[in-house]
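Listed here are the chains, written in short residue letters.
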Amino acid sequence: MIAFASPPESTTLPDYISPSAAKSYLACSLRFYFERVAEIKKPTTPALHLGKAVHAALQAFHLARWRGTDDSPEVIASAFEDSFLKLEREEGPVRWKEGERESCRLAGLRVIAAYLDSSEVLRGKPRAVEVPLTETIPGLSVPLTGVIDLVLENFAPIDFKSAAAKPDPQHAAFDHELQLVAYQLLLEAAIGEKPPALDLVYLVKTKVPKVIRVSSPPADGKRKDRVVRLIDTAVTGMSEGRFHPQPGMTCMSCQFRNECKRWPGIMDERRAAA
Ligand code: SF4
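Along each chain, residue indices are assigned from 1 in the same order as the chain's sequence is written. In keeping with the predicted nature of the model, local features appear solely for residues at pLDDT of at least 70, side-chain atom pairs appear and are counted solely at 80 or more, and the whole-chain, interface and lining totals rest on all residues. Side-chain numbers here rest on the full set of heavy atoms in the structure, without hydrogens or water.

A few points about the site of the ligand
What counts, and what does not: Whether a residue is near a molecule or strand depends on its heavy atoms: if one lies within 4 Å, it is near. Polar here means any residue outside two lists: the nonpolar Ala, Val, Leu, Ile, Met, Phe, Trp, Tyr, Cys and Pro, and the charged Asp, Glu, Lys and Arg; Gly therefore counts as polar.
The environment of the ligand is formed by Cys28, Arg31, Pro245, Gln246, Pro247, Thr250, Cys251, Cys254, Arg257 and Cys260. Grouping the constituent residues of the shell around the ligand by class yields six nonpolar, two polar and two charged.

A few points about the pattern of salt bridges
What counts is decided by this rule: Every case where a carboxyl oxygen of Asp or Glu lies within 4 Å of a side-chain nitrogen of Lys or Arg is listed as a salt bridge. Helix and strand definitions follow DSSP, with helices as H or I runs of at least four residues and strands as E runs of at least two, each counted in order from the N terminus.
On inspection of all chains with the given rule, the structure shows 15 salt bridges. Of the charged contacts in the structure, one is a salt bridge between aspartate 71 and arginine 65, with a shortest N-O distance of 2.6 Å. A salt bridge links arginine 127 to glutamate 153, with the shortest nitrogen-to-oxygen separation between them at 2.9 Å. Pair noted here: arginine 127 is in the loop between α5 (100–116) and β1 (128–135) and glutamate 153 is in the loop between β2 (144–151) and β3 (157–163), with a separation of 26 residues, a long-range link. Here the salt bridges do not stand alone but share partners, grouping Glu81, Glu102 and Arg105 into one network.

A look at the packing of helix α4 (residues 73–91) against α5
Operational definition: The convention used is that axes are lines fitted to C-alpha atoms, helices contributing only their stretch in contact, and that angles between N-to-C directions extend from 0 to 180 degrees. The crossing is said to be left-handed when, going from far helix to near helix, the turn is anticlockwise and less than a right angle, and right-handed when the turn is clockwise. We call two residues in contact when some of their heavy atoms are within 4.5 Å.
With their axes 10 Å apart at the nearest point, α4 and α5 run at an angle of 145 degrees to one another. Note that α4 runs across α5; the crossing there is right-handed. Of the residues in α5, those touching α4 at Pro73, Ile76, Ala77, Phe80, Glu81, Phe84, Leu85 and Glu88 are Arg101, Arg105, Gly108, Leu109, Ile112 and Leu116. Class assignment of the residues belonging to the contact of α4 with α5 gives a composition of nine nonpolar, one polar and four charged.

Description of the domain arrangement of the protein chain
For the record, the criterion: Bear in mind that the domain bounds are from an automatic or database domain assignment. Defined in terms of a 1.4 Å probe, buried area is the accessible area two parts forfeit on being brought together, summed over both. Here a polar contact is recorded for every N or O atom pair within 3.5 Å, except that within protein the pair must consist of a potential hydrogen donor and a potential acceptor, and residues adjacent in sequence are included only if both atoms are side-chain atoms.
Here the protein chain is described as being made up of domain 1 (44–124) and domain 2 (128–231). For domain 1 versus domain 2, the separation of C-alpha centres amounts to 21 Å. Opposite the 17 residues of domain 1 that make contact, domain 2 presents 14 residues. Across the interface of domain 1 and domain 2, roughly 1500 Å² is buried in total on both sides, 74% from carbon and sulfur atoms. Linking domain 1 to domain 2 there are one salt bridge. Inspection of the domain 1/domain 2 interface yields three residue pairs in polar contact (both at pLDDT 80 or more). Of all the elements in the fold, those that place two or more residues in the side of domain 1 that touches domain 2 are α3 (46–67) and α5. For the side of domain 1 that touches domain 2, the class distribution of residues is ten nonpolar, five polar and two charged.

Structure (structure tokens):
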């Protein structure tokens, strides 16, 4: 049975904040608590497992381009297969339904082949691959940290997404604004360069896979300020121990619904449960 921690007497700032942690907190602070504070383990979903294995294969391809080593489709397919098995071993179990594992594996191979064959594939040598950055950003109480999938020669950051259906470009850019602008803030602080664009590349796992780029212009001062304030709202909430249910669309796919139902709500009971 999970104990719900009572809010701390005084605020305790996290050491740093990533855009994914801020977004997760803002979407539902209680789910964030279960996942990242209480660290309750749940079986990996097939979609998450496949997404991670595809990500590892893309990383292998981009690194090979950067190093000038073998980036043939066979080598990248093999990187996918290795990662698919390794993730099952090290981060599993995966909640497979009957027959789902093989169809998922084949879908991964198809979507990677589609990327390598698409007009969106990385050409030439990138500036950086899987680049971890941690920077002090004016207006943020703690350093901002993040790992950017790919930085092009012209300093444009790219984040890769696996999706089950074709994204709506406007919605996709809006949904990922916090992450994309955070990457711009990190790059500007680290190298003093303003990226020319903030890009998402979607690998869509339809029967005939699609590769779709969603490109946004770099953020101006207002957009950056909005994102900094959003991220700092998450930092303040975490530091004050504010974790509560935020029912909405995300509940449909939430793995913590049983734990959520037991949330006491009343402060005295929360303290007693802790
Ligand atoms: S069920 Fe909904 S409200 Fe409860 S923790 Fe999950 S996302 Fe949050």
